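The primary structure of each chain is shown beneath.
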Amino acid sequence: MPTDNAWAEREQLLLAPYAMFSANSQGRERHEPPHPYRSPFQRDRDRILHSAAFRRLSGKMQVFTGDMGDYHRTRLTHTHEVASIARTMGRVLRLNEDLIEALALMHDIGHPPYGHCGEDILQRCLAEHGGFSHNAFALVLCRHLERRYTDYPGLNLTAEVLSGQAHRSDKDSSETPLLEVQVVDTADSFAYNAHDLDDALKLGLLDWKTIIELPVIRQLTERVWDGAWPTAEGDGEHAATARRALVHAVIDSQVADFVQQASTQLGQIAPADCTAARQAGLRLRASPEVRAQHEELSAFLFQNVYRHPRLVAIREQAGERLQQLFDSLAETPARLPKRFQQLLGEHAPEQAVGYYLAGMTDRFCDELYQRLIVQRQTVAPDWA
Ligand code: MG
């Protein structure tokens with residue numbers, strides 16, 4: 001059996017001084033003895049990975065719905081891509097990879113059904129009851145709704161994982177988050193820009209003639225194909241290979257630039273520890289050119305993919321279903337599953353209904369709509 005603090009020794013050997021060391025964690029909401037061979041952040045990562053909310057990410061849409069095909073990302077595969085990119089960046093910068101992985105696996109766990117459309121509907125429904133944000137709901141799930149221990153609700157995660165996630169729901173905060181939190185945020189935006197481009201090309205929502213007009217794409221294709229970019233239309237193997245090469249170039253160019261820039265920043269400031277990095281207000285950033293390219297691609301995807309008529313039509317139908325379910329349950333909250341009725345003492349009925357709906361997969365929500373609205377059944381089943 002390894003020694004009790006082998007993980008702490010390993011971190012001392014591998015991590016940079018400005019990383020968040022597990023041994024310096026502020027601990028959990030409820031005290032637990034240390035694990036013999038897993039660090040606190042490894043345990044958090046495992047708790048999130050084994051949670052029901054994490055598995056449900058496979059049934060939650062990212063941008064494109066399940067009936068549009070089986071190639072594109074779900075929220076689960078998006079999450080794994082974020083974790084992989086963030087760990088790569090964290091390893092180069094000698095940050096705490098276990099903390100990074102825990103934060104990455106948690107980051108989208110609070111997404112309601114139907115992607116950002118579901119979030120918009122719940123936000124509107126709960127406007128007078130504190131609103132709704134998937135980032136904040138991730139904390140509700142991990143602290144209150146997940147059931148893992150007999151003595152108390154939630155996953156009992158460390159303060160660093162909880163505050164890292166809390167930072168996501170309060171982006172305007174003047175407080176500088178841990179470098180590990182910053183790396184996960186950056187990896188998230190790199191991942192979705194690249195894979196949404198890939199998925200939209202595959203689904204035919206974008207074509208090469210259009211994307212090649214974008215300076216960032218032209219520049220990358222020149223790098224990959226030396227100026228002779230392919231006309232990779234359609235569904236053939238040539239198109240698939242070209243698409244993958246382009247997506248690889250989008251991710252690789254951004255990650256390479258980010259780790260280069262971040263290494264330079266860290267070298268110049270040389271924070272003595274993670275607290276010094278935060279006090280210095282250190283924000284790791286890609287170069288101005290790559291940030292501008294990133295913005296350009298984001299704006300392009302927003303205009304041409306997220307607002308594509310095919311997606312808008314799907315979103316409107318899904319939003320209508322969610323709205324009807326919300327109205328129906330908020331009117332008669334006695335139909336809620338027992339667990340959510342128990343929230344009614346402390347929470348407004350609208351909040352309890354919001355939590356119930358937000359925890360569902362797209363399919364569960366579709367089935368509930370059939371049950372409660374179409375067939376007018378009265379019992380709303382629990383998703384736990
Ligand atoms: Mg994400």
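Relevant structure appears above.
Novice: How should the overall build of the protein be read in this particular structure?
Specialist: On a plain count of helices and strands, the protein comes out with 18 helices and zero strands. Computed over C-alpha atoms, the radius of gyration of the protein comes to 22 Å, within 12% of the 21 Å expected from 2.2 N^0.38 for 384 residues, which places it in the range of a compact globule. Considered along the principal axes of its C-alpha atoms, the protein spans approximately 60 × 55 × 40 Å. The buried share among the 384 residues of the protein stands at 54%.

Novice: What exactly am I supposed to notice about the packing of helix α9 (residues 179–202) against helix α14 (residues 288–306) here?
Specialist: How two helices pack is summed up by the angle between their axes together with the distance between the axes. Viewed as axis vectors pointing N to C, α9 and α14 meet at an angle of 40 degrees, and their least axial separation amounts to 10 Å. On the basis of the axis angle, α9 is oblique to α14. The two elements α9 and α14 cross, and the hand of that crossing is left-handed. Packed against α9, whose contacting residues are Ser189, Phe190, Tyr192, Asn193, Asp196, Leu197 and Ala200, the element α14 presents His294, Leu297, Ser298, Leu301, Val305 and Tyr306 at the interface. Grouping the constituent residues of the contact of α9 with α14 by class yields eight nonpolar, four polar and one charged.

Novice: Explain the coordination of the magnesium ion to me, please; I cannot follow it from the model alone.
Specialist: For a metal bound by four donors in a tetrahedral arrangement, the ideal donor-metal-donor angle is 109.5 degrees, while six donors in an octahedral arrangement ideally sit at 90 or 180 degrees. Around the magnesium ion, the protein contributes the donor atoms His78 (NE2), His107 (NE2), Asp108 (OD) and Asp188 (OD), which lie 2.2 to 2.5 Å from the metal centre. Linear spacing of the donor residues for the magnesium ion on their chain is H-x28-H-D-x79-D. With Asp108 in the loop between α5 (97–106) and α6 (115–125) and Asp188 in helix α9, the pair connects residues that are 80 residues apart, well separated along the chain. Summarising the burial analysis for this pair, Asp108 and Asp188 share the class buried.

Novice: What exactly am I supposed to notice about the environment of Gln342 here?
Specialist: Positionally, Gln342 belongs in the loop between α16 (338–341) and α17 (349–358). Exposure remark for Gln342: the relative accessible area of 59% places this residue in the exposed category. Gln342 sits 133 residues away from Lys209 along the chain, and the two C-alpha atoms are 56 Å apart.

Novice: I tried to follow the layout of surface pockets on my own but got confused; where do I start?
Specialist: Rolling a probe over the atoms, with the probe sized like a water molecule, indicates the empty space that remains. Taken as a whole, the largest pocket spans an internal volume of roughly 1100 Å³. As for the largest pocket, its lining consists of 39 residues, and the residues nearest its centre are Lys171, Asp185, Ser189, Tyr192 and His294. Going through the elements one at a time, α4 (75–92), α6, α7 (134–145), α8 (159–168), α9 and α14 are the ones with two or more residues in the lining of the largest pocket. The greatest single-element share of the lining of the largest pocket, amounting to eight residues, is contributed by α9.

Novice: Explain the nonpolar core here, please?
Specialist: In this structure, Ile48, Phe258, Tyr356 and Leu357 are the most contacted members of the largest nonpolar core, which totals 115 residues. Those residues in contact with Leu357 that sit more than four places away from it in its chain are Pro113, Leu122, Leu322, Leu325, Phe326, Leu329 and Leu368.

Novice: Honestly, the pattern of salt bridges in this entry has me stumped. Any pointers?
Specialist: A side chain with one charge may pair with a side chain of the opposite charge, provided their charged atoms come close. This model, assessed by the stated rule, comprises 22 salt bridges. For Asp198, the salt bridge goes to Arg73, with nearest N and O atoms at 2.9 Å. A residue pair is termed long-range when its members are at least 10 positions apart, and Asp198 in helix α9 and Arg73 in the loop between α3 (52–55) and α4 qualify at 125 residues.

Novice: Looking at this structure, how should I read helix α1 (residues 6–14)?
Specialist: The periodicity of an α-helix, 3.6 residues per turn, causes residues three or four positions apart to be oriented the same way. Every buried residue of α1 is listed here: Trp7, Ala8 and Glu11. Down the axis, α1 shows its buried residues gathered within 100 degrees of arc, on one side only. Every exposed residue of α1 that faces more than 90 degrees away from the buried side is listed here: Arg10, Gln12 and Leu13. Close packing links the buried residues of α1 with α2 (40–49).

Novice: What am I meant to see in the packing of α2 against α5 here?
Specialist: Taken N-terminus to C-terminus, the directions of α2 and α5 make an angle of 20 degrees; their axes are 8 Å apart at the nearest point. Regarding the angle of α2 to α5, the classification is roughly parallel. In this structure, α2 crosses over α5, and the sense of that crossing is left-handed. Each of Phe41, Gln42, Asp44, Arg45, Ile48 and Leu49 in α2 lies in contact with α5, whose residues at this interface are Asp98, Leu99, Glu101, Ala102, Leu105 and Met106.

Cut-offs used in this document
Think of each chain on its own: its residues are numbered from 1, step by step along the sequence as written. The predicted origin of the model limits local features to residues at a pLDDT of at least 70 and limits the giving and counting of side-chain atom pairs to 80 or more, whereas totals for whole chains, interfaces and linings rest on all residues. Working from all heavy atoms in the structure, the side-chain values ignore hydrogens and water. Helix numbers and strand numbers start at the N terminus; a helix is a DSSP run of H or I with at least 4 residues, a strand a run of E with at least 2. The globule rule used here is 2.2 Å times the number of residues to the 0.38 power, and the radius of gyration it is set against is calculated over C-alpha atoms. The buried label applies to any residue whose accessible area, calculated with a 1.4 Å probe on protein chains only, is under 20% of its type's maximum; exposed applies above 50%, and partly exposed to all values in between. Here the axes come from fitting lines to C-alpha atoms, over the contacting stretch only for helices, and the angles between their N-to-C directions go from 0 to 180 degrees. In what follows, roughly perpendicular refers to angles from 65 to 115 degrees, roughly parallel to angles under 35, roughly antiparallel to angles over 145, and oblique to any angle outside these ranges. By the definition used in this description, the sense in which the near helix is turned from the far one sets the handedness, with an anticlockwise turn below a right angle giving left-handed and a clockwise turn giving right-handed. Contact definition: two residues touch when any of their heavy atoms are within 4.5 Å. Nonpolar residues are Ala, Val, Leu, Ile, Met, Phe, Trp, Tyr, Cys and Pro. Charged residues are Asp, Glu, Lys and Arg, and all others, Gly as well, are polar. Metal-coordinating donors are taken as N, O and S atoms lying within 2.8 Å of the metal, or within 3.2 Å when the metal is Na, K or Ca; because water is left out, some sites can appear incomplete. Space inside and on the surface of the protein is sampled on a 1 Å grid over the protein atoms alone, with a cavity defined as a set of points where a 1.4 Å probe fits but cannot get out and a pocket as an open set with protein on both sides within 12 Å along at least 5 of 7 lines; lining residues have an atom within 4 Å of a point. Grid points are joined across faces, edges and corners, and a volume is the space filled by probe spheres set on the points. Residues belong to a common nonpolar core when they are buried Ala, Val, Leu, Ile, Met, Phe, Trp, Tyr or Cys residues joined through side-chain atoms within 4.5 Å. What makes a salt bridge here is a side-chain nitrogen of Lys or Arg within 4 Å of a carboxyl oxygen of Asp or Glu, nothing more. Arc definition: it is the arc formed by the directions from the helix axis to the C-beta atoms.

Shape is all these values report; function is a separate question.
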